[in-house]
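Chain by chain, the residues:
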Amino acid sequence: MKNKNNSGEKSCLKRKLIHDVNELLAMNNVIYVYGRKYMMMEGCKKIIKCDHDEIILRNDLEVKIHGTSLALRQLGNNTMGVEGTITSVEFIK
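So, here is what we can say about the structure in this document. Predicted model only: the values in this text are computed from it and were never measured. (Residues numbered from 1 in each chain as written. Predicted model: local features only at pLDDT ≥ 70, side-chain atom pairs only at ≥ 80, totals over all residues. Heavy atoms only, no water.)

**Here's the deal with the overall build of the protein**
A tally of regular secondary structure across the protein gives one helix and six strands. Starting at the N terminus, the α and β elements of the protein follow one another as α-β-β-β-β-β-β. Counting every position in the protein, which comprises 93 residues, the buried fraction comes to 26%. For the protein, contacts bridging at least 24 residues in sequence account for 38% of all contacts bridging at least 6. About 6,700 Å² of surface is accessible on the protein, with carbon and sulfur atoms providing 54% of the total. (Helix = DSSP H or I, 4+ residues; strand = E, 2+ residues; numbered from the N terminus. Buried < 20%, exposed > 50% of the residue type's maximum accessible area, 1.4 Å probe, protein only. Contact = heavy atoms within 4.5 Å. Areas by Shrake-Rupley, 256 points an atom, 1.4 Å probe, with all protein chains shown as cover.)

What follows is the structure in structure tokens.
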């Protein structure tokens, strides 16, 4: 016997997933991570903090990069590169 509530829950989850994917696609957040030594972020709107152990960048999200010997490089219009030993990347909405 099929449970009608189960079908409704699946439909609701599917709509939520589609909404979340569409919301992500609308953002201009493109981040490439190449191992633990380099990352690149497109769509950077602002540099909030730049130290050797923490870099904070803002586009549609705030992105905190933690590590050692970090250096920030501008690669083009609104595209930033981070070099050094990256230990973590944190996303804050």
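**Considerations on the sheet that holds strand 6 (residues 79-92)**
Reading across the sheet, the six strands line up as 1-2-6-5-4-3 and stay open at both edges, with antiparallel pairing between neighbours. Lying at the two open borders of the sheet, with one neighbouring strand each, are strand 1 (30-34) and strand 3 (46-50). Between one strand and the next, the sheet's axes are offset by a mean angle of 40°, whatever the strand orientation. Note that strand 5 (residues 62-76) and strand 6 share 12 bridges and pair antiparallel. Note that in strand 6 the partner of Gly-76 across the bridge is Thr-79. (Pairing = 2+ DSSP bridges. Axes fitted to C-alpha atoms, helices over the stretch in contact; angles between N-to-C directions.)

**Description of the pairing of strand 3**
As paired elements, strand 3 and strand 4 (residues 54-58) share four bridges and run antiparallel to each other. Bridged to Ile-47 within strand 4 is Leu-57. Where strand 3 folds back onto strand 4 in an antiparallel hairpin, the turn is made up of three residues.

**Thoughts on the nonpolar core**
Of all hydrophobic cores here, the largest spans 12 residues; its members are Met-39, Met-41, Cys-44, Ile-55, Leu-57, Val-63, Ile-65, Leu-70, Leu-72, Met-80, Val-82 and Ile-86. At the level of elements, strand 2 (38-42), strand 4, strand 5 and strand 6 are the ones that each hand at least two residues to this core. Of all the elements, strand 5 adds the most residues to this core, at four residues. Here Met-39 is in contact with Ile-31, Tyr-32, Val-33, Ile-65, Met-80, Gly-81, Val-82, Ile-86 and Val-89, once residues within four sequence places are set aside. (Core = buried A, V, L, I, M, F, W, Y, C linked by side-chain atoms within 4.5 Å.)

**What about the pattern of salt bridges?**
Under the definition given, this model contains five salt bridges. Here Lys-45 ties to Asp-60 by a salt bridge, and the two come within 3.0 Å at their closest N and O atoms. With Lys-45 in the loop between strand 2 and strand 3 and Asp-60 in the loop between strand 4 and strand 5, the pair connects residues that are 15 residues apart, well separated along the chain. When the shortest N-O distance is used, the salt bridge between Arg-58 and Glu-62 registers 3.4 Å. Ionic contacts of the salt-bridge type, sharing partners, join the residues Lys-49, Asp-51 and Glu-54 into one network. (Salt bridge = Lys/Arg side-chain N within 4 Å of Asp/Glu carboxyl O.)

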